[in-house]
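Working through the structure, step by step
Spelled out from the first residue to the last, the chains are:
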Amino acid sequence: MTEGHSPTAGPERLNTSVAHNARVWNYWIGGKDNYEVDQRVGDHVAGMFPVIRAVARADREFLARAVRFLAAERGMRQYLDIGTGLPTVENTHEIAQRIAPESRIVYVDNDPIVLVHARSLLTSSPEGVTDYVDADVHDPDGILQRAAETLDLGRPVALMMLGILNFVLDTDEARGIVRRLMAALPSGSHLVLTHPTYDADVGGEGNRAAMEFWNANATPPITARSRAEIAGFLDGLELIEPGLVPCSQWRAEGESAVAVPQFGAVAVKP
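Residues numbered from 1 in each chain as written. Predicted model: local features only at pLDDT ≥ 70, side-chain atom pairs only at ≥ 80, totals over all residues. Heavy atoms only, no water.

**A few points about the pattern of salt bridges**
Tallied over the full model, the rule gives seven salt bridges. With its nearest N and O atoms 3.9 Å apart, the salt bridge here joins E36 to R40. Taken as a pair, E36 and R40 lie in helix α2 (residues 36-48) at a separation of four residues, close to a single helical turn. One salt bridge in this structure joins E253 and R68, with 3.2 Å as the shortest N-O distance. Of the two residues, E253 is situated in the loop between β9 (245-246) and β10 (262-268) and R68 in helix α3 (residues 52-73); the sequence distance between them amounts to 185 residues. Owing to a relative accessible area of 31%, R68 belongs among the partly exposed residues under this scheme. (Salt bridge = Lys/Arg side-chain N within 4 Å of Asp/Glu carboxyl O. Helix = DSSP H or I, 4+ residues; strand = E, 2+ residues; numbered from the N terminus. Buried < 20%, exposed > 50% of the residue type's maximum accessible area, 1.4 Å probe, protein only.)

This is how it looks when you write it as structure tokens:
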């Protein structure tokens, strides 16, 4: 990291006795930063809902396509990535700075194992800045205050909220968080969003039982939502084509991608 805060120590808060979303997600996409409990719960969920591994990969691939689009076609040079998860290949800053080395990225997460890895893995190009904020999505004002130390909130920002609003169980609260964050950003800012769904037409029926198991055996608790509920997070913004679609199909390259029960969208603040 350059020019930003050094993450404060947090390893003592690690709890390896209970599966945690960041580590299970890392396991599903083939990472090594997870524990036996994460693997056990991850395997059980995947046994109940086999498409979950494809969802995890599709979500990550959507991130790469969205950031490339924003950097190359929309001229975005600032990114606020909330709920970044464990660092892996092709992180937001790597994609953005490959296209525009001067890009500035702030990552936000509150999992102590993410904090540990952020210290060593989230490095920036010399021309740009990468920072990490240890904060919770439920505290948008705190996130904005810390992000403003690295980002110029008077200039457009890409707000990345991939697979994070599903951890805000109250839909009204989740909408309020998005509204508060977007209200602080100027015209030309973008919202990049993914969210799991129960909708049967994209294969989401199995999400309900899988999430019930997850909530009984892992942390933090999670929910899925209908397409209409997810669309509500985008109120007041202008959707970029192809709109709110399964994230696997958003500007997919090559042959038609199979739908997954995880919606994705990119929208711009007018």
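**Remarks on the packing of α2 against helix α8 (residues 207-217)**
Axis separation between α2 and α8 bottoms out at 9 Å; the angle between their running directions is 160°. With respect to α8, the element α2 is oriented roughly antiparallel. The way α2 lies across α8 gives a crossing that is right-handed. Of α8, the residues touching α2 (which contributes V41, H44, V45 and M48) are A209, A210, F213, W214 and N217. A per-class count over the contact of α2 with α8 returns seven nonpolar, two polar and no charged. (Axes fitted to C-alpha atoms, helices over the stretch in contact; angles between N-to-C directions. Parallel < 35°, antiparallel > 145°, perpendicular 65-115°, else oblique. Left-handed = near helix turned anticlockwise from the far one by under 90°. Contact = heavy atoms within 4.5 Å. Nonpolar A, V, L, I, M, F, W, Y, C, P; charged D, E, K, R; others polar.)

**Overview of the pairing of strand β5 (residues 158-162)**
By the criterion of burial, β5 is predominantly enclosed, with five of the five residues buried. Residue alternation in β5 divides its side chains into two sets, A158, M160 and L162 and L159 and M161, and both sets are buried. As defined by bridge partners, strand β2 (residues 78-82) adjoins β5 across three bridges and the pair is classed as parallel. Across the sheet, D81 pairs through a bridge with M160, a residue of β5. The sheet contact formed by β5 and strand β6 (residues 190-196) spans five bridges and is parallel. Note on β6: the bridge partner recorded for A158 is H190. Regarding the hand of the β-α-β motif, the stretch spanning β5, helix α7 (residues 171-183) and β6 is right-handed. (Pairing = 2+ DSSP bridges. Right-handed = clockwise from strand over helix to strand, strands pointing away.)

**Comments concerning the side chain of H190**
Mapped onto the elements, H190 comes out in strand β6. What makes H190 buried here is its relative accessible area of 3%. Side chain to side chain, H190 and R74 meet in a polar contact 3.1 Å long. Among the polar contacts listed, one links the side chain of H190 to the backbone oxygen of G188, at a separation of 3.0 Å. With residues near it in sequence (within four places) discarded, H190 still touches L70, R74, M76, V157, A158, L159, M182, I240, V266, A267 and V268. (Polar contact = N/O pair within 3.5 Å; in protein donor to acceptor, adjacent residues only side chain to side chain.)

**Looking at α8**
Of the residues making up α8, those classed as buried are N207, A210, M211, F213 and W214. Down the axis of α8, the smallest arc covering the buried residues is 155°, so these residues share one side. Exposed residues lying more than 90 degrees from the buried face of α8 are E212 and A216. In this structure, the buried side of α8 is in contact with β1 (19-20), α1 (21-28), α2, β6 and β7 (218-219). (Arc of directions from axis to C-beta.)

**Focus on the confidence of the model for the protein**
Of the residues in the protein, 92% have a pLDDT of 70 or more, and the chain-wide mean is 90. Counting contacts from residues 1-12, a segment whose pLDDT is below 50, to residues more than four positions away or on other chains yields 30 contacts. (pLDDT = per-residue confidence, 0-100.)

**Let's talk about the nonpolar core**
Y79, L80, I82, L159, M161 and L191 are the most contacted members of the largest nonpolar core, which totals 86 residues. Counting residues per element, this core draws most heavily on α3, at 12 residues. (Core = buried A, V, L, I, M, F, W, Y, C linked by side-chain atoms within 4.5 Å.)

**Some remarks on the packing of aromatic side chains**
Applying the stated rule across the entire model yields three aromatic pairs. Ring geometry for W25 versus W28: centroids 6.0 Å apart, planes at 70°, classification edge-to-face. On the criterion of helical spacing, the pair formed by W25 and W28 is a turn pair, its members being three residues apart in helix α1. Residue W25 is classed as partly exposed on the basis of its relative accessible area of 23%. (Phe/Tyr/Trp six-rings, centres within 6.5 Å; stacked < 30°, edge-to-face > 60°.)

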